[in-house]
Amino acid sequence: MIAPFDDTYYMKKALQEAEYAFEKGEVPVGAVIVIQDKIIARAHNLTEQLNDVTAHAEMQAITAAANFLGGKYLKECTLYVTLEPCQMCAGALYWSQISKIVYAATDVDRGCGAMGTTLHPKTKIVGGILEAEASALLKRFFAQRRNLN
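Worth saying up front: this structure is predicted, and the values here are computed from it rather than measured.

Below, the discussion takes up the overall build of the protein chain. Regarding its fold elements, the protein chain presents 6 helices and 5 strands. Its C-alpha atoms give the protein chain a radius of gyration of 14 Å, near enough to 15 Å, the size a compact globule of 149 residues would have. Along the first, second and third principal axes, the C-alpha atoms of the protein chain reach 50 × 35 × 25 Å. Accessible surface computed for the protein chain: about 8,300 Å², of which carbon and sulfur atoms make up 52%. Charge centroids of the protein chain, computed over 15 positive and 16 negative side chains, lie 3 Å from each other.

Below, the structure written as structure tokens:
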């Protein structure tokens, strides 16, 4: 039997999505949703491209996963995201009933933990997976933005 992939493997896939966002001039946040060791959704921030404040990586991934599964609930799914979800995304994740959220970098100002946002009681949350890599990408993005202005 082939061993299942681990959290680091899937977070690397989310980081690839974050790189795509970076290349498009979007805040570099990427996400993947997994069920039974299969990626069913890949997404990254598209707020600038779509001119839509709700087009966060998590929101895009939730929609793609729900479409793949043919239903609105993401039970038995895990979200891997490069930045701790914000209050808006955490609310959507609550309603999706996702089983697990794994994030890389903590958002000390706007993350769901800092905002006191409640997740679904059955949702497990794990932080800090490849945090250094995700944080470095975000810092590089914002440093580049400051230099352009």
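Our focus in this paragraph is the sheet that holds strand β2 (residues 38–44). Think of a sheet as strands paired side by side through backbone hydrogen bonds, with each pair either parallel or antiparallel. Pairing is mixed in the open sheet, where 5 strands are placed in the order β2-β1-β3-β4-β5. Either end of the sheet is taken by a strand with one partner, and the two such strands are β2 and β5 (124–127). Sheet twist, expressed as the mean angle between neighbouring strand axes with direction ignored, is 15°. Here helix α3 (residues 57–69) sits on the sheet and contacts β1 (30–35), β2 and β3 (77–83); the angle it forms with β2, its principal contact strand, is near 145°.

With that out of the way, let us pick up the UniProt feature "binding site: Zn(2+)" (unreviewed entry) in the protein chain. In this structure's numbering, the residues bearing the UniProt feature "binding site: Zn(2+)" (unreviewed entry) are His 56, Cys 86 and Cys 89. Judged by maximum C-alpha separation, these annotated positions cover 34 residues in sequence but sit close together in space, the widest gap being only 9.3 Å. The annotated residues contributing to the lining of the largest pocket are His 56, Cys 86 and Cys 89. By relative accessible area, which is 22% here, His 56 ends up partly exposed. Every residue in contact with His 56, bar those within four places of it in the chain, is listed here: Asn 45, Thr 47, Cys 86, Met 88 and Cys 89. Secondary-structure assignment places Cys 86 in the loop between β3 and α4 (87–96). For Cys 86, a relative accessible area of 18% gives the class buried. Not counting residues within four places of it along the chain, the set of residues in contact with Cys 86 comprises His 56, Glu 58, Arg 110 and Cys 112.

Cut-offs and rules
Residues numbered from 1 in each chain as written. Predicted model: local features only at pLDDT ≥ 70, side-chain atom pairs only at ≥ 80, totals over all residues. Heavy atoms only, no water. Helix = DSSP H or I, 4+ residues; strand = E, 2+ residues; numbered from the N terminus. Rg over C-alpha atoms; globule rule 2.2 N^0.38 Å. Areas by Shrake-Rupley, 256 points an atom, 1.4 Å probe, with all protein chains shown as cover. Lys, Arg positive; Asp, Glu negative; His and termini not counted. Charge placed at Lys NZ, Arg CZ, Asp CG, Glu CD. Pairing = 2+ DSSP bridges. Axes fitted to C-alpha atoms, helices over the stretch in contact; angles between N-to-C directions. Contact = heavy atoms within 4.5 Å. UniProt positions renumbered as here; feature names shortened; annotations may be inferred. 1 Å grid on protein atoms, 1.4 Å probe; cavity = no way out; pocket = protein on both sides within 12 Å on 5 of 7 lines; lining within 4 Å. Buried < 20%, exposed > 50% of the residue type's maximum accessible area, 1.4 Å probe, protein only.

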